[in-house]
Amino acid sequence: FLSALVLKSIKKDIENYLGTDEFDVVITVPAYFDSDACQATKEAGILAGLHVADIIHEPIAAVYHYAAGLDLENENILVLDLGGGTLDIAVVSVSKKEIKELVIDGRLKLGGIDWNKALYNYVKEKYLKGKHMGPDDEQELLMSIETAKKILSEKKETRIVARTNEGREMIRI
């Protein structure tokens, strides 16, 4: 029911933007959604008044985007979707005639948030052991970790500053 309320609000925004209520939607879902979860999502869309043309898994949507305009012939593609809270993986076969899921799966506890927690724990254990932090300092460190993670996607190292009760610590990771 909650999903239907959210989709209904989105539908209203789309209608205002397009100036019409005549459109089809394709809803993407995480790879770990089984057929029951996909059906529930479709029903939520219908309950919201949407014409749901299809429900597809997010990694498959990525393949459609990647393959658009390319002349792929019998290619196998590995898709890794490392989202905020999940890791979705798909192996897909692409030909001129079809895109076929060979394997698709997902894990709830292996997404970006989990990487943040792991890096946070690493920094606390390696660089801040025996130091004390207040709640605001902990939150600031988590935000610095999120920023550092993004920087480390493009660079080999970065620096963060951690505030502790004992003072500021410059940390190179």
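The structure this text deals with has already been given above.
Residues numbered from 1 in each chain as written. Predicted model: local features only at pLDDT ≥ 70, side-chain atom pairs only at ≥ 80, totals over all residues. Heavy atoms only, no water.

**What about the sheet that holds strand 4 (residues 87-94)?**
Two modes of strand pairing occur in sheets, parallel and antiparallel, and in both the strands are linked by backbone hydrogen bonds.
Here comes step 1: If you trace the three strands from one edge of the open sheet to the other, you get 3-4-5, paired in antiparallel fashion. For this open sheet the edge positions go to strand 3 (75-82) and strand 5 (99-107), each flanked by a neighbour on one side alone. On average, each strand axis in the sheet is inclined to that of its neighbour by 15 degrees, with strand direction left out of account.
Here comes step 2: Direction of pairing for strand 4 relative to strand 5: antiparallel, over a ladder of eight bridges. Along strand 5, the bridge assignment pairs D88 with G106.
Here comes step 3: Each of strand 3, strand 4 and strand 5 is contacted by helix 3 (residues 58-67), which is oriented at about 45 degrees to strand 4, the strand it contacts most. (Pairing = 2+ DSSP bridges. Helix = DSSP H or I, 4+ residues; strand = E, 2+ residues; numbered from the N terminus. Axes fitted to C-alpha atoms, helices over the stretch in contact; angles between N-to-C directions. Contact = heavy atoms within 4.5 Å.)

**As for the packing of aromatic side chains**
Here comes step 1: Inspection of every chain in the model, using the stated rule, returns two aromatic pairs.
Here comes step 2: Seen in terms of ring centroids, Y32 and F33 are 5.4 Å apart; in terms of plane orientation they differ by 70 degrees. Their pairing is edge-to-face.
Here comes step 3: By relative accessible area, Y32 is classed as partly exposed at 33%. (Phe/Tyr/Trp six-rings, centres within 6.5 Å; stacked < 30°, edge-to-face > 60°. Buried < 20%, exposed > 50% of the residue type's maximum accessible area, 1.4 Å probe, protein only.)

**Quick word on the pairing of strand 1 (residues 24-29)**
Every regular strand shows the same layout, with side chains that alternate between the two sheet faces.
Here comes step 1: Where burial is concerned, the two faces of strand 1 differ: the one with V25, I27 and V29 is buried and the one with D24, V26 and T28 is not.
Here comes step 2: Here strand 1 runs beside strand 2 (residues 51-57); their pairing, made up of six bridges, is parallel. Each residue of the ladder has a partner; that of T28, found in strand 2, is I56.
Here comes step 3: Taking the sense of rotation as the criterion, the β-α-β connection linking strand 1, helix 2 (residues 35-47) and strand 2 turns out right-handed. (Right-handed = clockwise from strand over helix to strand, strands pointing away.)

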